[in-house]
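Now for the letters of each chain:
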Amino acid sequence: QVHLVESGGGLVQPGGSLRLSCAASGFTFSRYNIHWYRQAPGKEREWVAGIDFGDTTTYSESVKGRLTISRDNAKNTVYLQMNSLKPEDTAVYYCNAVPSMGFGDYWGQGTQVTVSS
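Residues numbered from 1 in each chain as written. Predicted model: local features only at pLDDT ≥ 70, side-chain atom pairs only at ≥ 80, totals over all residues. Heavy atoms only, no water.

## What to know about the pattern of salt bridges
So, point 1. Considering all chains together, one arrives at 4 salt bridges under this definition.
So, point 2. Several salt bridges converge on common partners, so that one network encompasses Arg38, Glu46, Arg66 and Asp89. (Salt bridge = Lys/Arg side-chain N within 4 Å of Asp/Glu carboxyl O.)

## Some remarks on the state of the cysteines
The bond known as a disulfide is covalent and runs between the sulfur atoms of two cysteines.
So, point 1. Evaluation of the coordinates by the stated rule reveals 1 disulfide.
So, point 2. Shown here is the disulfide that connects cysteine 22 with cysteine 95, its sulfur atoms set 2.0 Å apart. In this structure, the disulfide formed by cysteine 22 and cysteine 95 twists by about 60 degrees around the S-S bond and is classed as right-handed. Here cysteine 22 is found in strand β3 (residues 18-25), whereas its partner cysteine 95 is found in strand β9 (residues 91-99), with 73 residues between them in sequence. Across this residue pair, the class does not change: cysteine 22 and cysteine 95 are buried. (Disulfide = S-S within 2.5 Å. Helix = DSSP H or I, 4+ residues; strand = E, 2+ residues; numbered from the N terminus. Buried < 20%, exposed > 50% of the residue type's maximum accessible area, 1.4 Å probe, protein only.)

## Examining the sheet that holds strand β8 (residues 77-82)
So, point 1. If you walk across this open sheet you meet the 4 strands as β1-β3-β8-β7, and the pairing is antiparallel. Each edge of the sheet is formed by a strand with only one pairing partner; in this case those strands are β1 (3-7) and β7 (67-72). Strand-to-strand twist of the sheet, defined as the mean angle between neighbouring strand axes without regard to direction, takes the value 15 degrees. (Pairing = 2+ DSSP bridges. Axes fitted to C-alpha atoms, helices over the stretch in contact; angles between N-to-C directions.)

Set out below in structure tokens:
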């Protein structure tokens, strides 16, 4: 059975840092591209960052230079290091696993990040 479980969210002050984790099981993790999305209240879900099976990373312009995505295939885990956080980063953050070949993807349940003083 496939599972994607996000963790590491919480309340942080502006300028602070958090590290989110996405732990995967039930599929061949190393063959999947992993993405982080976020959804703020009243807004559509937006793509934040991605890392492919070859460790190539991409970022949205709004987070470039502040967020870093990485993966540890030995632990079946993807991380999102979040620095210099802003109130507009407040959202539920989701990880999404997409096969490098083939069809079908998986989503986690999300983890809440709140940036507020």
